[in-house]
Amino acid sequence: MDSAAVEIDGSVMEGGGQILRVSAALSCITGSSIKITKIRAGRSTPGLRPQHLSGLQLVSELCSGSLQGASIGSTDISLTPGKIQSGNHTADTQTAGSVCLLLQVALPCALYGGDSSQLYLKGGTNAEMAPQIDYTVKVFKPIVEKFGVHFDCDIRMRGYYPKGGGEVIVTVNPVKELQPITMTERGNITKIYGRAYVAGVLPFKLAKDMSAAAVRTIRKEIKELYINIQPLQEKDKAYGNGNGIIIIAESSTGCLFAGSALGKKGVYADKVGIEAAEMLLRNIRHSGCVDEFLQDQLIIFMALAKGTSRIRTGAVTLHTQTAIHIAEQLTQAKFTITKCEDELSSNVTYIIECQGSGVTNPSL
């Protein structure tokens, strides 16, 4: 069997956990065995971390696969997928490893099961170096629904760095095939809103300070919109201490953008609010239709869809280029990126176009 496995270099391009997530999910869906080498080779802690390991184990269980080499610190793994099993699946990073990244790897697989699946995911819900759960629910979910993806996310408990302890239950409905999407016209920004939260022993004043600083920063650039960033005290549904903010902008054509930041020891609340606001502003200055974080998360769905998808973006990120590289290795999808210069403004946008591979669900 090993001779037929697709070999993937885990150190290419972005060289991080994303290569694992995209490869493992596509292996599971297409039925191709994969062998990934040099996993996270350039990172300060090379090889698999707890979050990557639990994600791989989850996918392997989802596709009744056989997984070799999967242990903390391992730089080489192989996955031989079997048939996708819908039903109940659990993954626990036992750290503050991100539940959102667990969902990134498991969601595409669960779509191709014979029935709906429940994913019980445990770890950090609002963690560094990963989307916050609020981003997954408020930005990723509505956009990915355009492909025909339907899932519900019940946030049972929020968990923060370093303790984790968060828990979400995601219910995923299967699809026969995914529809392509077109998102090329942004229109105007019509709404800006968000939440600034504190949990555990942290004082509520931090939430108010983050919110106020974010509003002040956005006001400098966008004067005509009411900006509603609610300061919140997370009560019973939060484990441990944490603070953070997420701000979302909506456009007249239904595009969604976000900026977010997490509080850290010794960082003033104002600074956290400003960081999130600047991130949002950076993502709405170009007239693209997705922010820099959604870009790469949509690639796998574009690759699986039946037909041609087109999305307009700002600068194409290394994460996106990496996802495209892996998707083209493991599916029949073909991507092209075209630069668009607007004569009227200094805006440069790009169109990412994909002839999808049109994978159909064998169980439906």
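Residues numbered from 1 in each chain as written. Predicted model: local features only at pLDDT ≥ 70, side-chain atom pairs only at ≥ 80, totals over all residues. Heavy atoms only, no water.

## As for the overall build of the protein
Step number 1: Scanning the protein for helices and strands turns up eight helices and 17 strands.
Step number 2: The C-alpha atoms of the protein give a radius of gyration of 20 Å, which matches the 21 Å a tight globule of 364 residues would have.
Step number 3: Structurally, the protein occupies a C-alpha span of about 60 × 50 × 40 Å along its principal axes.
Step number 4: Of all 364 residues assigned to the protein, the portion counted as buried reaches 52%.
Step number 5: For the protein, contacts bridging at least 24 residues in sequence account for 74% of all contacts bridging at least 6.
Step number 6: Accessible surface computed for the protein: about 15,100 Å², of which carbon and sulfur atoms make up 50%. (Helix = DSSP H or I, 4+ residues; strand = E, 2+ residues; numbered from the N terminus. Rg over C-alpha atoms; globule rule 2.2 N^0.38 Å. Buried < 20%, exposed > 50% of the residue type's maximum accessible area, 1.4 Å probe, protein only. Contact = heavy atoms within 4.5 Å. Areas by Shrake-Rupley, 256 points an atom, 1.4 Å probe, with all protein chains shown as cover.)

## Concerning the pattern of salt bridges
Step number 1: Summed over all chains, the structure comprises 16 salt bridges.
Step number 2: Asp154 is the partner of Arg156 in a salt bridge, and the nearest nitrogen-oxygen pair spans 2.7 Å.
Step number 3: The class for Asp154 is partly exposed, based on a relative accessible area of 31%.
Step number 4: The partner of Arg310 in a salt bridge is Glu353, with the nearest N and O atoms 3.1 Å apart. Linking Arg310 in strand β15 (residues 308–313) with Glu353 in strand β17 (residues 348–355), this pair joins segments that are 43 residues apart in sequence. (Salt bridge = Lys/Arg side-chain N within 4 Å of Asp/Glu carboxyl O.)

## Here we look at the UniProt feature "active site" (unreviewed entry) in the protein
Step number 1: As annotated by UniProt and renumbered to match this structure, "active site" (unreviewed entry) occupies His319.
Step number 2: Within the element layout of this structure, His319 appears in helix α8 (residues 318–330). (UniProt positions renumbered as here; feature names shortened; annotations may be inferred.)

## So, helix α3 (residues 99–111)
Step number 1: In this model α3 runs 18 Å from its N-terminal to its C-terminal C-alpha over 13 residues, within 8% of the 18 Å that 1.5 Å per residue would give.
Step number 2: Along α3, the helix axis deviates most sharply at Val105, where the bend reaches about 30 degrees; the proline Pro108 sits within four residues downstream.
Step number 3: For α3, the complete set of buried residues consists of Val99, Cys100, Leu101, Leu102, Leu103, Val105, Ala106, Leu107, Pro108, Cys109, Ala110 and Leu111.
Step number 4: Put simply, Ser98 is the residue that caps the front of α3, since its side-chain oxygen is 3.0 Å from the backbone nitrogen of Cys100. (Expected span 1.5 Å × (residues − 1). Bend = angle between axes of the 7 residues up to and from the residue. Polar contact = N/O pair within 3.5 Å; in protein donor to acceptor, adjacent residues only side chain to side chain.)

## With respect to the layout of surface pockets
Step number 1: What the largest pocket holds in volume is close to 1,200 Å³.
Step number 2: Looking at the largest pocket, it is lined by 41 residues, and the ones nearest its centre are Leu101, Glu128, Met129, Ala130 and Pro131.
Step number 3: Among the secondary structure elements, those contributing two or more residues to the lining of the largest pocket are α1 (17–30), α2 (50–62), α3, β14 (256–262), α6 (269–285) and α7 (294–304).
Step number 4: When residues in the lining of the largest pocket are grouped by element, the largest group, five residues, is from β14.
Step number 5: In this structure, the second largest pocket encloses a volume near 570 Å³.
Step number 6: In terms of residue class, the lining of the second largest pocket is made up of 13 nonpolar, seven polar and four charged.
Step number 7: Two domains share the lining of the second largest pocket, each providing at least three of its residues, namely domain 1 (6–183 + 290–357) and domain 2 (189–284). (1 Å grid on protein atoms, 1.4 Å probe; cavity = no way out; pocket = protein on both sides within 12 Å on 5 of 7 lines; lining within 4 Å. Points joined across faces, edges and corners; volume = space filled by probe spheres on them. Nonpolar A, V, L, I, M, F, W, Y, C, P; charged D, E, K, R; others polar. Domains from an automatic or database assignment.)

## Re empty space enclosed by the protein
Step number 1: For the structure shown, the criterion picks out three cavities of 30 Å³ or more.
Step number 2: Surrounding the largest cavity, 13 residues form its lining, Val22, Gln104, Asp296, Gln297 and Ile300 being those nearest its centre.
Step number 3: Going through the elements one at a time, α1, α3 and α7 are the ones with two or more residues in the lining of the largest cavity.
Step number 4: Along the lines of polarity and charge, the residues of the lining of the largest cavity split into eight nonpolar, three polar and two charged.
Step number 5: Considering only enclosed or pocket space, the second largest cavity measures out at about 50 Å³ in volume.
Step number 6: Taken together, Leu20, Arg21, Ala24, Gln51, His52, Gly55, Leu56, Leu101 and Val105 form the lining of the second largest cavity.
Step number 7: Elements with a minimum of two residues in the lining of the second largest cavity: α1, α2 and α3.
Step number 8: In terms of residue count, the dominant contributor to the lining of the second largest cavity is α2 (four residues).
Step number 9: Of the residues belonging to the lining of the second largest cavity, the class tally is five nonpolar, three polar and one charged.

## Points about α6
The periodicity of an α-helix, 3.6 residues per turn, causes residues three or four places apart in sequence to face the same way.
Step number 1: The first and last C-alpha atoms of α6 sit 25 Å apart over 17 residues, in line with the 24 Å expected at 1.5 Å per residue.
Step number 2: Buried residues along α6 sit in contact with β10 (189–199), α5 (205–221), β13 (242–251) and β14.

## Details of the sheet that holds strand β16 (residues 334–341)
Step number 1: Spatially, β9-β15-β17-β16 is the arrangement adopted by the four strands of the open sheet, whose pairing is mixed. For this open sheet the edge positions go to β9 (182–183) and β16, each flanked by a neighbour on one side alone.
Step number 2: Pairing geometry for β15 and β17, over six bridges, is antiparallel. Within β17, the position partnered with Ser309 by the bridge is Cys354.
Step number 3: Relative to β16, α8 is tilted by about 150 degrees, and along the sheet it contacts β16 and β17. (Pairing = 2+ DSSP bridges. Axes fitted to C-alpha atoms, helices over the stretch in contact; angles between N-to-C directions.)

## Here we look at the domain arrangement of the protein
Step number 1: As assigned here, the protein comprises domain 1 (6–183 + 290–357) and domain 2 (189–284).
Step number 2: For domain 1 and domain 2, the distance between their C-alpha centroids amounts to 25 Å.
Step number 3: With 26 residues of domain 1 at the interface, the matching set in domain 2 holds 26 residues.
Step number 4: For the pair domain 1 and domain 2, the two sides together bury roughly 2,000 Å², of which 58% comes from carbon and sulfur.
Step number 5: Interface area lost by domain 1 to domain 2 is led by Gln132, Arg158 and Tyr160, which between them contribute 27%.
Step number 6: The tally of links between domain 1 and domain 2 comes to four salt bridges.
Step number 7: If you look at where domain 1 meets domain 2, you find 10 residue pairs in polar contact (both at pLDDT 80 or more).
Step number 8: Secondary-structure elements contributing two or more residues to the side of domain 1 that touches domain 2 are α4 (133–144) and β7 (150–159).
Step number 9: Looking at the side of domain 1 that touches domain 2 element by element, the count peaks at six residues for α4.
Step number 10: Considering only residue class, the side of domain 1 that touches domain 2 consists of 12 nonpolar, five polar and nine charged. (Buried area = accessible area lost by both parts, 1.4 Å probe.)

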